[in-house]
Amino acid sequence: MIYLILAILFSTGVFVAMRLFERFQLDNHQALMWNYVFAAGTGFLMCKQFDTPTQLVAEPWFGLSLITGFWFIFTYLLMTASTQRSGVTVTSLSSKLSVVLPTLAGVVLFGERLNFVATLGIVLALVALVLVVGGKNGTMNQKDAMNRGDAINRVSTGGKGLLINLLPVFIFFGTGTGDILMKLTEQRNQGDDMSFMIAFIYFIALLFGILIVAYDLIRGKSKWQWKSALGGIGLGVINFFSTYCVYHAMRCFDNVVLFPVYNIGVVSVTALTGWLIFKEKLTWKNYLGLVIAIIAVILITLKP
């Protein structure tokens, strides 16, 4: 249970850290790259033993870890953009309501069971997602969008504005897929210490992060920022321990229990944080979606 509680707290910290990127005008891509530097570094420092290159390739989780590493950075790029566009609460809800995907995977892929009430919870979670995404007030004007430093934030509010509004939906499916990949890698890692595997996953994400930053610098889309490294330190350490705790919680709970409890915990704590720290305001649809989301994950948690 302690791993589950810590996972909720660290995951909330991830959303807050990404929100602060905007406040301190950090380059999103560079900060994310440094995030993976420190996340991987933290993991390697915690390792009790290291695989040789031959042992690494022979690990049953090696192939999936490559995909998971790419998926990590792909999802976090979407989350950073959505956090700054739609706010901490909406992004967190969109991400955590993806609980329906790993929950269904638990039934289909891992032989876990759901009763009728829990199935109803999945349907309500989708309804909540529509209310949360569709009920957010306020959009950024074209001048503000053009002043942002990353590729997504430089999109105008014209035809491409629809893509920006759909970011929470992309996060819903992207995060759910990432949760399934994490479960698959956890199942293939039979060792007591998962630090090396997690660190290697973040190392793969780092490689893609370096390519993205190099592309931005070569094309003149951004300038080098040392202050982005400072932001990456905080996010990287929090990020690693969030993932570390989730992986260990997977060994204590079934998917149909772990992911609903974990997600509603993050949704609730993040909503409170968004209200207290960033003074975010929600519409009545957002509040309704939050209430339905809480009911949904409670129903999903009910086992047969």
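Cut-offs used in this document
Residues numbered from 1 in each chain as written. Predicted model: local features only at pLDDT ≥ 70, side-chain atom pairs only at ≥ 80, totals over all residues. Heavy atoms only, no water. Helix = DSSP H or I, 4+ residues; strand = E, 2+ residues; numbered from the N terminus. Expected span 1.5 Å × (residues − 1). Polar contact = N/O pair within 3.5 Å; in protein donor to acceptor, adjacent residues only side chain to side chain. Axes fitted to C-alpha atoms, helices over the stretch in contact; angles between N-to-C directions. Left-handed = near helix turned anticlockwise from the far one by under 90°. Contact = heavy atoms within 4.5 Å. Nonpolar A, V, L, I, M, F, W, Y, C, P; charged D, E, K, R; others polar. Parallel < 35°, antiparallel > 145°, perpendicular 65-115°, else oblique. Buried < 20%, exposed > 50% of the residue type's maximum accessible area, 1.4 Å probe, protein only. Patch = residues over 30% accessible without salt bridge, like charges linked within 9 Å, V, L, I, M, F, W, Y side chains within 5 Å. Areas by Shrake-Rupley, 256 points an atom, 1.4 Å probe, with all protein chains shown as cover. Salt bridge = Lys/Arg side-chain N within 4 Å of Asp/Glu carboxyl O.

## Some points on helix 2 (residues 28-46)
Given a rise of 1.5 Å per residue, 19 residues ought to cover 27 Å, and the 27 Å separating the end C-alpha atoms of helix 2 matches this to within 8%. A distance of 3.1 Å separates the backbone nitrogen of H29 from a side-chain oxygen at the start of helix 2, and that oxygen is part of D27.

## Observations concerning the packing of helix 10 (residues 167-188) against helix 12 (residues 227-250)
Interhelical geometry of helix 10 versus helix 12 gives an angle of 60 degrees and a closest axis separation of 10 Å. Handedness of the helix 10/helix 12 crossing: right-handed. In contact with D179, M182, K183, T185 and E186 of helix 10, helix 12 contributes T243, V246, Y247 and M250. Its residues placed into classes, the contact of helix 10 with helix 12 shows 4 nonpolar, 2 polar and 3 charged.

## Notes on the packing of helix 6 (residues 100-108) against helix 10
At a closest axis distance of 7 Å, the pairing of helix 6 and helix 10 adopts a crossing angle of 40 degrees. On the basis of their axis angle, the class for helix 6 and helix 10 is oblique. Between helix 6 and helix 10 lies a crossing of right-handed hand. Of the residues in helix 10, those in contact with V100, L101, P102 and A105 of helix 6 are F172, F173, G176, T177, D179 and I180. Looking at the contact of helix 6 with helix 10 residue by residue, the class counts come to 7 nonpolar, 2 polar and 1 charged.

## Description of the side chain of S98
By the secondary structure assignment, S98 is in the loop between helix 5 (88-96) and helix 6. In terms of polar contacts, S98 uses its side chain to reach the backbone amide nitrogen of G176, at 3.5 Å. If near-sequence neighbours (up to four positions away) are discounted, S98 is found in contact with F172, T175, G176 and D179.

## So, the environment of Y244
Inspection of the secondary structure puts Y244 in helix 12. According to the relative accessible area criterion, Y244 is buried, its value standing at 15%. The sequence separation of Y244 and G43 amounts to 201 residues, and the corresponding C-alpha distance is 8.7 Å. Setting aside residues no more than four positions away along its own chain, Y244 makes contact with Y3, M46, S195 and I198.

## Some words on a nonpolar patch on the surface
A cluster of nonpolar residues, M1, I2, Y3, I5, L6 and L9, forms a patch on the protein surface that exposes about 560 Å² of accessible area. Note on placement: I5 falls in helix 1 (residues 2-23). By relative accessible area, which is 41% here, I5 ends up partly exposed.

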